[in-house]
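# Understanding the architecture of this molecule
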Amino acid sequence: MSVITNIDDLKAIYRRRVPKMFYDYAESGSWTEQTFRENSSDFDKIRLRQRVAIDMTGRSTASEMVGERVAMPVALAPVGLLGMQYADGEIAAARAAERFGVPFTLSTMSICSIEDVAEHTSKPFWFQLYTMTDADFVRRLLERARDAGCKTLVITLDLQMIGQRHKDLKNGLSAPPKPTLKGWLDLSTKWSWGIGMLGTKRRAFGNIIGHVQGLDDPSRLYEWTAKQFDHALDWNKVAKLIEMWDGKVILKGILDPEDARMAVKVGADAIVVSNHGGRQIDGALSSIRMLKPILDEVGGEIEVHLDGGIRSGQDVLKALAMGADGTYIGRAFVYGLGANGEQGVMSALEVIHKELDTNIALCGRRKVSELDRDVLLVPEDFEGRWQ
């Protein structure tokens, strides 16, 4: 690869190397994509305070997330279909996260199975659960995660039904891709991606195919999945899932102070302020705008993490200074994965770490634990007065 100086460099390579269907899957939101766009653009409205003549030696970005020591408070968010962005993508991303010293979260909708990732890593990774109506499947899925050594469960709450993503419908998104003339023409220009895919047996949803009775045909998976997301999910069911899991539980998809309060009530260890990267509800406020109201409600009672829109170490700094205990990157590491596999994910983490470390110092701090709102310049109406 050429010299990588920022996440956009990886994105440019990613776009050249990965089929349009899977590029669009990652780089899109639902409906008008307003929330998708504002997740990132709202970070730009927050500015940093430059401070000088302050001792910058002895700096550290080390922290903890749900009791786990991390090299920086940045986890790899659960992203489906990573194995379609790059051959064996979940394994590659998990290995990079392990090398760097940050958590990797495996999606229920992964191409590589729980067992695949466990076999190719040496430290416990986090597992993300979509709640489904097949209670026996969910029970066995959690057992498999425990058997693989997972200690932390991330339950996604904002996908009881799927927000419409126009690009996925127009592209006929599927895993593996369905043979169409338009698709083959695109794939013919993505030869490095194709060679990688020819070299792996993992091309369907590894956590599902072969683990659901009567579902051995990948072409029927979307039909099965559409019927499985639990429209009846409520806080009682969330509480039961927490009881079932012997370990830390993070609830992802919290975007309202009342829901944050309920997360505390049911006994979660942490919440993730998130709108699913703008891929579910469209028209909601960005994650970074909703962080303070949620912290005002439950800050100090539960760890509050933030997901959505982070594309740089400066964004991580802003989220932490606004009060988040940890952050997640999704698209930022997917760009690296599609660009160059495991090493590309490492590049993404290295870029974000360098930006975080340098800008902490230039704000007059030496540790992420020292960050607070005093290092920021926040517009007076940033949180807004919404009726």
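First, a word on what this report is: a plain description of the structure on this page. (Residues numbered from 1 in each chain as written. Predicted model: local features only at pLDDT ≥ 70, side-chain atom pairs only at ≥ 80, totals over all residues. Heavy atoms only, no water.)

### Let's talk about the overall build of the chain
Under the convention used in this document: Only runs of H or I of at least four residues qualify as helices and only runs of E of at least two qualify as strands under DSSP, and these elements are numbered from the N terminus. Only C-alpha atoms enter the radius of gyration, while the globule expectation follows 2.2 Å times N to the 0.38, with N the number of residues. Remark: exposure states derive from per-residue accessible area (1.4 Å probe, protein chains only) relative to the maximum for the residue type, with buried under 20%, exposed over 50%, and partly exposed in between. What makes two residues a contact is simply this: any of their non-hydrogen atoms within 4.5 Å. Each accessible area is a Shrake-Rupley estimate made with a 1.4 Å probe; only the visible protein chains count as cover when residues are assessed. In this tally, Lys and Arg are treated as positive and Asp and Glu as negative; His is ignored, and so are the chain termini. The location of each charge is read from NZ of Lys, CZ of Arg, CG of Asp or CD of Glu.
Assigned secondary structure in the chain consists of 16 helices and twelve strands. Here the chain has a C-alpha radius of gyration of 20 Å; the compact-globule value for 387 residues is 21 Å, and the two agree. Counting only C-alpha atoms, the chain reaches 65 × 50 × 45 Å along its principal axes. In the chain, buried positions account for 56% of the 387 residues. Counting only contacts in the chain whose residues sit at least 6 apart along the sequence, the fraction spanning at least 24 positions is 74%. Only carbon and sulfur atoms are counted for the fraction: they give 50% of the accessible area of the chain, which is about 16,900 Å². Where the 49 positive side-chain charges of the chain centre and where its 53 negative ones centre are 4 Å apart.

### Let's talk about the nonpolar core
Cut-off, in case you're wondering: For this analysis, a nonpolar core means a set of buried residues of the types Ala, Val, Leu, Ile, Met, Phe, Trp, Tyr and Cys, connected via side-chain atoms within 4.5 Å.
Formed by 117 residues in total, the largest nonpolar core has its most connected members in Phe104, Leu251 and Ile271. When residues in this core are grouped by element, the largest group, 14 residues, is from helix H16 (residues 331-362). Aside from chain neighbours lying at most four places away, what touches Phe104 is Leu76, Leu82, Glu90, Ala93, Ala94, Ala97, Val117, Phe125 and Trp126. In terms of nonpolar packing, the next biggest core, distinct from the first, is built from eleven residues, Met65, Trp126, Ala270 and Val272 among them.

### Brief notes about helix H12 (residues 235-244)
Applied cut-off: An arc is given here, and it is the one of the directions from the helix axis to the C-beta atoms. Polar contact is defined as a pair of N or O atoms within 3.5 Å, subject to the rule that within protein one atom must be able to donate a hydrogen and the other to accept it, and that residues adjacent in sequence are counted only when both atoms are side-chain atoms.
Every buried residue of H12 is listed here: Val238, Ala239, Leu241 and Ile242. The arc enclosing the buried residues of H12, seen along the axis, measures out at 160°, which places them on a common side. Turned more than 90 degrees off the buried face of H12, the exposed positions are Asn236, Lys240 and Glu243. Those residues of H12 hidden inside the fold are in contact with strand E6 (126-130), helix H7 (135-147), strand E7 (152-156), strand E8 (248-254) and helix H13 (257-266). Sitting at the head of H12, Asp234 places a side-chain oxygen 3.2 Å from the backbone nitrogen of Asn236.

### Structural notes on H16
Let me state the cut-off plainly: Residue count minus one, scaled by 1.5 Å, sets the expected span of a helix. Bending is quantified residue by residue as the angle between axes fitted to the seven-residue window ending at that residue and the seven-residue window starting at it.
The end-to-end C-alpha separation of H16 is 26 Å, well short of the 46 Å expected for 32 residues at 1.5 Å each. In H16, a bend of some 145° at Asn340 exceeds every other bend along the element. The element H16 is largely enclosed, with a buried count of 25 among its 32 residues.

### Here we look at the environment of Leu106
Note that Leu106 resides in strand E5 (residues 105-106). Sequence spacing of Leu106 and Leu141 is 35 residues, and the spatial spacing of their C-alpha atoms is 12 Å.

### Quick look at the layout of surface pockets
Going by this rule: A 1.4 Å probe that fits but cannot get out identifies a cavity on a 1 Å grid over protein atoms alone, an open set with protein on both sides within 12 Å along at least five of seven lines counts as a pocket, and a residue lines either if it has an atom within 4 Å of a point. Grid points are joined across faces, edges and corners, and a volume is the space filled by probe spheres set on the points. Charged means Asp, Glu, Lys or Arg here, nonpolar means Ala, Val, Leu, Ile, Met, Phe, Trp, Tyr, Cys or Pro, and polar covers whatever is left, Gly included.
What the largest pocket holds in volume is close to 920 Å³. Tyr25, Leu159, Arg165, Asp168 and Arg279 are the residues nearest the centre of the largest pocket, which is lined by 40 residues in total. Of all the secondary-structure elements, those providing two or more residues to the lining of the largest pocket are helix H2 (20-26), E6, helix H8 (166-171), helix H11 (221-228), strand E11 (326-329) and H16. A total of three residues in the lining of the largest pocket trace back to one element, the largest contributor, which is H11. Here the residues of the lining of the largest pocket are counted per class, giving 20 nonpolar, 13 polar and seven charged. Its boundaries defined by the atoms lining it, the second largest pocket holds a volume of some 350 Å³. Secondary structure elements with two or more residues in the lining of the second largest pocket: H12 and E8. For the lining of the second largest pocket, the per-class residue count stands at eight nonpolar, five polar and four charged.

### What to know about the pairing of E7
Inclusion rule: Two strands qualify as a pair provided DSSP detects at least 2 bridges between them. By definition, the crossover connecting two strands over a helix is right-handed if that path, from the first strand to the second, turns clockwise as seen with the strands pointing away from the viewer.
Burial analysis of E7 places five of its five residues in the buried class, which makes it a mostly covered element. Here E7 shows a buried face lined by Thr152, Val154 and Thr156 and a second buried face lined by Leu153 and Ile155. In this structure, E6 lies alongside E7, joined through four bridges in parallel fashion. Each residue of the ladder has a partner; that of Tyr130, found in E7, is Thr156. In this fold, the crossover linking E6 to E7 by way of H7 has right-handed handedness. Across five bridges, E7 lies against E8 in parallel orientation. Across the sheet, Leu153 pairs through a bridge with Val249, a residue of E8.

### Details of the side chain of Thr108
Along the chain, the position of Thr108 falls in the loop between E5 and helix H6 (114-119). Discounting chain neighbours no more than four positions away, the residues touching Thr108 are Phe127, Gln128, Leu129, Tyr130, Met132, Leu141 and Asn207.

### Quick look at unusual backbone geometry
A cis amide bond, omega -5°, links Ala175 with the succeeding residue Pro176. Relative to the assigned elements, Pro176 resides in the loop between H8 and helix H9 (181-187).

### Considerations on the pattern of salt bridges
So the rule is basically this: Definition used for salt bridges: Asp or Glu carboxyl oxygen within 4 Å of a side-chain nitrogen of Lys or Arg.
Tallied over the full model, the rule gives 25 salt bridges. Where Asp357 meets Arg59, a salt bridge forms, and the shortest distance between an N and an O atom there is 2.9 Å. Residue Asp357 is found in helix H16, and its partner Arg59 is found in the loop between strand E1 (47-48) and strand E2 (63-65); the two are separated by 298 residues along the sequence. Among the residues examined, Asp357 registers a relative accessible area of 16% and is labelled buried. Assessed through its relative accessible area of 38%, Arg59 is described here as partly exposed. Each of Arg49, Arg365, Asp372 and Asp374 takes part in a single network of salt bridges with overlapping partners.

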